[in-house]
Amino acid sequence: MFYELTQFLDPMILFLILVGTLWGVLSGAIPGISVSMSIILVLPFTFGMDAMRSISVLMGVYVGGMCGGHISAILMRTPGTPSAAATVFDGYPMAQQGKAGRAIGIAILSSVFGGIISGIFLAIFAPILGRWALNFQSAEFFALALLGLSCTASIGSKSWSKALLSACLGLLLSTVGMDPFSGVQRFMFGNFALADGISFIPVMIGVFAFAEIYRNIVAKADTPEGIYRKLAKGEERKKVEQVKVDIVGPRHILKNPVVYIKSTLIGIGIGIIPAAGASIASMVAYGEAKRSSKTPELFGHGAEEGIVASETSDSAAVGATLIPTLTLGIPGGPVAALILVSLTMHGVVPGPQLVTQRPDVLFGILWAIILASLSLFVWGFIITKQFSKLMQVPYPILGTVILTLGLVGAFTLRSNIQDLVVVLIFSFVGVAFERFNFSVPAFILGLVLGPIAEVGFRRQLIVTGGDFTTFFTRPVSLVVLILAVVSFAWPFIREARANKKKLDNNK
């Protein structure tokens, strides 16, 4: 383990980690450029390198990309990566309160913590966790999706009924496209551009970023003179200070140890499940953080615990996603598949024998993740300082920049003009949700988890010949279902207790 560390002290490898992390943070901060895309762009440059140097670059891009999504999420209400969607819920409200620097500082610290711990887990428990991940079949995927959906009551709006309806609308939207089993067209209305369904990235850009721009324009255009004419005259141009990122140290971890550790474990636990991913981990961790918080009413209004839960869990999923890839040869997601390709091109064959035959690769990935996570302290502050200069731009220009970035990002995902239409449509949906107090987070939750729940449920019934009892006879599935029920019911139980206590005090 420590022998591999001496190799990583090579100046060239350290340089490659820094460069890879820089590219990852930059690409993660730009909406629409996924971590997979940023790795694809770097992959050709690694073909001529040895295995260690290739690992260094790719791990740097992976770790940096997962962290970079919080920058635009906090500053512009536009998640740079899907897993940063939960960071928007409290990061952007903190920015509106003039605490953008502290929000980003907390996000960086959380990403570093989650990345380092997941790297250590990768080295110590990879073989054990890899075999355990094989126990997850269709029933467990369905139960896991329900666990995520159970957070609806926690992350919803003031009205739980509207939050539940929002989640149901997201679930309904997730059914658009070709049926995954029969190939039947569902809600496509003859439009074959919808065959692959509606991507949730354009939807998030619309309901978060574009809706926020509309809201700001309406809020500022409160006189017949209008916002643009007033800004041209300089009457309402705000002097926005350049964001100075707070250096949040280990003391913050000591003040909130439970949320840091719990969110890391959630990220690792969900990350090792093939195809689950960091997006589910961040949503589940956020919902659990709010459920167990002493001040749940602060969530959605700038709660630091919400940022910690989201960023720690998605960074913890980085190392965990690689566990089934390295120990079983089963990619844990699109990024893991690309890393698998890179390893095989360098003569490294992932599988059960990797731990004994090529420990240098396993521990090399460990140190690459740890060193890339530490380099986030450098790049996170530098890039945020430059990125925050956008906040000094007059809002009509800034709004136009955000709109352009959003449209370009949505189009580059699938090079599909239909995604641009989706962005525009759901920008008005986002405005309507905020106007009538529906829950945008619950809607996104339903959209993201809908396909996982449907495929897991239907596939399990096909395998068992329609036997519903298998969801309860499989131990892991039963435990996760019980957790889902408890998670969904807990906010109502806590509210009932609070009301009872209030009545007792009034007597």
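We now turn to the structure provided with this report. Here the structure is a predicted model, which is why all the values come from computation and not from measurement.

## With respect to empty space enclosed by the protein
Phase 1: On inspection of all chains with the given rule, the structure shows two cavities of 30 Å³ or more.
Phase 2: Secondary structure elements with two or more residues in the lining of the largest cavity: helix 4 (51-76) and helix 16 (334-345).
Phase 3: Here the residues of the lining of the largest cavity are counted per class, giving six nonpolar, one polar and no charged.
Phase 4: Here the second largest cavity defines a volume of roughly 30 Å³.

## A few points about the nonpolar core
Phase 1: Core analysis: the largest hydrophobic core is formed by 131 residues, its most contacted members being Met 59, Tyr 62, Val 203, Leu 322, Ile 365 and Ile 444.
Phase 2: Broken down by element, the residue count for this core peaks at 15 residues, all from helix 4.
Phase 3: In this view, Ile 365 contacts Ile 55, Met 59, Leu 122, Leu 322 and Leu 326; residues no more than four positions away in its chain are not counted.
Phase 4: In this structure, Ala 123, Phe 363, Trp 367 and Ile 370 belong to the second largest nonpolar core, which totals five residues.

## Examining the packing of aromatic side chains
Phase 1: Evaluated as defined, the whole model comprises twelve aromatic pairs.
Phase 2: Here the guanidinium or amino end of Lys 162 rests over the ring plane of Phe 438, the centre of that ring lying 5.4 Å away.
Phase 3: Sitting above the plane of the Phe 436 ring, Arg 435 keeps its charged end 5.2 Å from the centroid.

## Some points on helix 4
Phase 1: In this model helix 4 runs 38 Å from its N-terminal to its C-terminal C-alpha over 26 residues, within 8% of the 38 Å that 1.5 Å per residue would give.
Phase 2: Along helix 4, the sharpest change in direction is near 30° and occurs at Gly 65.
Phase 3: Taking burial as the measure, the 26 residues of helix 4 include 25 buried ones, the bulk of the element.
Phase 4: Two to three positions downstream of the cap, the backbone nitrogen of Met 52 sits 3.3 Å from a side-chain oxygen, assigning the N-cap of helix 4 to Asp 50.
Phase 5: Backbone geometry just downstream of helix 4 places Arg 77 in the positive-phi region, at approximately 60°.

## Some thoughts on the environment of Gly 183
Phase 1: Positionally, Gly 183 belongs in the loop between strand 1 (177-178) and strand 2 (185-186).
Phase 2: Judged by relative accessible area, which is 33%, Gly 183 ranks as partly exposed.
Phase 3: When the C-alpha atoms of Gly 183 and Ala 195 are compared, they prove to be 9.4 Å apart, with twelve residues separating the residues in sequence.

## Description of helix 9 (residues 160-173)
Phase 1: With 14 residues, helix 9 should reach 20 Å at 1.5 Å per residue; the first-to-last C-alpha distance of 20 Å fits that figure.
Phase 2: Turning to helix 9, its buried residues number three or more, namely Ala 163, Ser 166, Ala 167, Gly 170 and Leu 173. Along the axis of helix 9, the buried positions cluster into a sector of 120°, meaning they face one direction only.

Thresholds applied
- Residues numbered from 1 in each chain as written.
- Predicted model: local features only at pLDDT ≥ 70, side-chain atom pairs only at ≥ 80, totals over all residues.
- Heavy atoms only, no water.
- 1 Å grid on protein atoms, 1.4 Å probe; cavity = no way out; pocket = protein on both sides within 12 Å on 5 of 7 lines; lining within 4 Å.
- Points joined across faces, edges and corners; volume = space filled by probe spheres on them.
- Helix = DSSP H or I, 4+ residues; strand = E, 2+ residues; numbered from the N terminus.
- Nonpolar A, V, L, I, M, F, W, Y, C, P; charged D, E, K, R; others polar.
- Core = buried A, V, L, I, M, F, W, Y, C linked by side-chain atoms within 4.5 Å.
- Buried < 20%, exposed > 50% of the residue type's maximum accessible area, 1.4 Å probe, protein only.
- Contact = heavy atoms within 4.5 Å.
- Phe/Tyr/Trp six-rings, centres within 6.5 Å; stacked < 30°, edge-to-face > 60°.
- Lys NZ or Arg CZ within 6 Å of the ring centre and 35° of its normal.
- Expected span 1.5 Å × (residues − 1).
- Bend = angle between axes of the 7 residues up to and from the residue.
- Polar contact = N/O pair within 3.5 Å; in protein donor to acceptor, adjacent residues only side chain to side chain.
- Arc of directions from axis to C-beta.

Distances and angles like these do not, on their own, reveal function.
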